[in-house]
Amino acid sequence: MPGPVPDVLRQTASRFLDVYRGRLRTFEKEYEVAPGVVMERTGGHTPGHSIIRLESGGDRLMFAGDAVFQTGFDKPDWHNGFDHDPEEAIRVRHRLLTELSETGGQLLASHLSFPSVCHVGADGNTFRVVPAVWDH
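Right, let's walk through the structure included here.

## Focus on a nonpolar patch on the surface
A surface patch of nonpolar side chains, about 430 Å² in accessible area, is lined by Phe16, Leu17, Val19, Tyr20 and Leu24. Here Leu17 lies in helix α1 (residues 5-20).

So this is what it looks like as structure tokens:
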């Protein structure tokens, strides 16, 4: 990561833990928060990075956080400077994008263009953003 970022992240995490420690629930692989809402640890990007899967009435949405970024569709083997385990980040990205391309579920990720919701199409060894209708 770029120079001052690790220290800033540690300081922020420490302040967060001071406030929320008593409300946090740790889990190893998956945790069902509520019916149809499941958190899954993915790793690669940052320690403890997780995705959230939402399912209701046959509709699926995956919030992938920082595991997927715009360039990662065309270049899924690339990683960014914030991935603490680049090889794992690449494996996670491939797995998530492949799953979404096969199931047709919607993807929501922090670093996609507004409104950050799409479907995923497979195109050989790469993936494509398939725009989703965003009915606000």
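Having put the structure on the table, let's press on.
## Details of the nonpolar core
Nonpolar side chains in soluble globular proteins generally cluster together in the buried interior. Ala64, Val68, Phe73, Leu96, Leu97, Leu107 and Val120 are the most contacted members of the largest nonpolar core, which totals 16 residues. Among the secondary structure elements, those contributing two or more residues to this core are α3 (86-103) and β6 (117-123). Broken down by element, the residue count for this core peaks at four residues, all from α3. Sequence-distant contacts of Leu96, that is, excluding residues within four places in its chain, are made with Ile51, Arg53, Met62, Ala64 and Ala67.

## Section: the pairing of strand β4 (residues 59-63)
Across five bridges, the pairing between strand β3 (residues 50-56) and β4 is antiparallel. Along β4, the bridge assignment pairs Leu54 with Leu61. Examined bridge by bridge, β4 and strand β5 (residues 106-108) share three bridges and lie parallel to one another. By the bridge assignment, Met62 is partnered in β5 with Leu107.

## Some remarks on the pattern of salt bridges
When their charged atoms lie close together, side chains carrying opposite charge are able to pair. Applying the stated criterion to the full structure yields eight salt bridges. Arg10 is the salt-bridge partner of Asp7, the closest N and O atoms lying 2.9 Å from each other. With Asp7 and Arg10 both in helix α1 and three residues apart, the pair spans about one turn of that helix. When its relative accessible area of 44% is taken as the criterion, Asp7 is described as partly exposed.

## Quick look at the sheet that holds strand β2 (residues 37-41)
Across the sheet, which stays open at both edges, the seven strands sit in the order β1-β2-β3-β4-β5-β6-β7 with mixed pairing between neighbours. Each edge of the open sheet is held by one strand with a lone partner, namely β1 (30-34) and β7 (126-131). Along the sheet, successive strands turn relative to each other by an average axial angle of 30°, direction set aside. The strands touched by α3 are β2, β3, β4, β5, β6 and β7; relative to β6, the strand with the most contacts, the crossing angle is about 95°.

Here is what the cut-offs are and how they apply
Residues numbered from 1 in each chain as written. Predicted model: local features only at pLDDT ≥ 70, side-chain atom pairs only at ≥ 80, totals over all residues. Heavy atoms only, no water. Patch = residues over 30% accessible without salt bridge, like charges linked within 9 Å, V, L, I, M, F, W, Y side chains within 5 Å. Areas by Shrake-Rupley, 256 points an atom, 1.4 Å probe, with all protein chains shown as cover. Salt bridge = Lys/Arg side-chain N within 4 Å of Asp/Glu carboxyl O. Helix = DSSP H or I, 4+ residues; strand = E, 2+ residues; numbered from the N terminus. Core = buried A, V, L, I, M, F, W, Y, C linked by side-chain atoms within 4.5 Å. Buried < 20%, exposed > 50% of the residue type's maximum accessible area, 1.4 Å probe, protein only. Contact = heavy atoms within 4.5 Å. Pairing = 2+ DSSP bridges. Axes fitted to C-alpha atoms, helices over the stretch in contact; angles between N-to-C directions.

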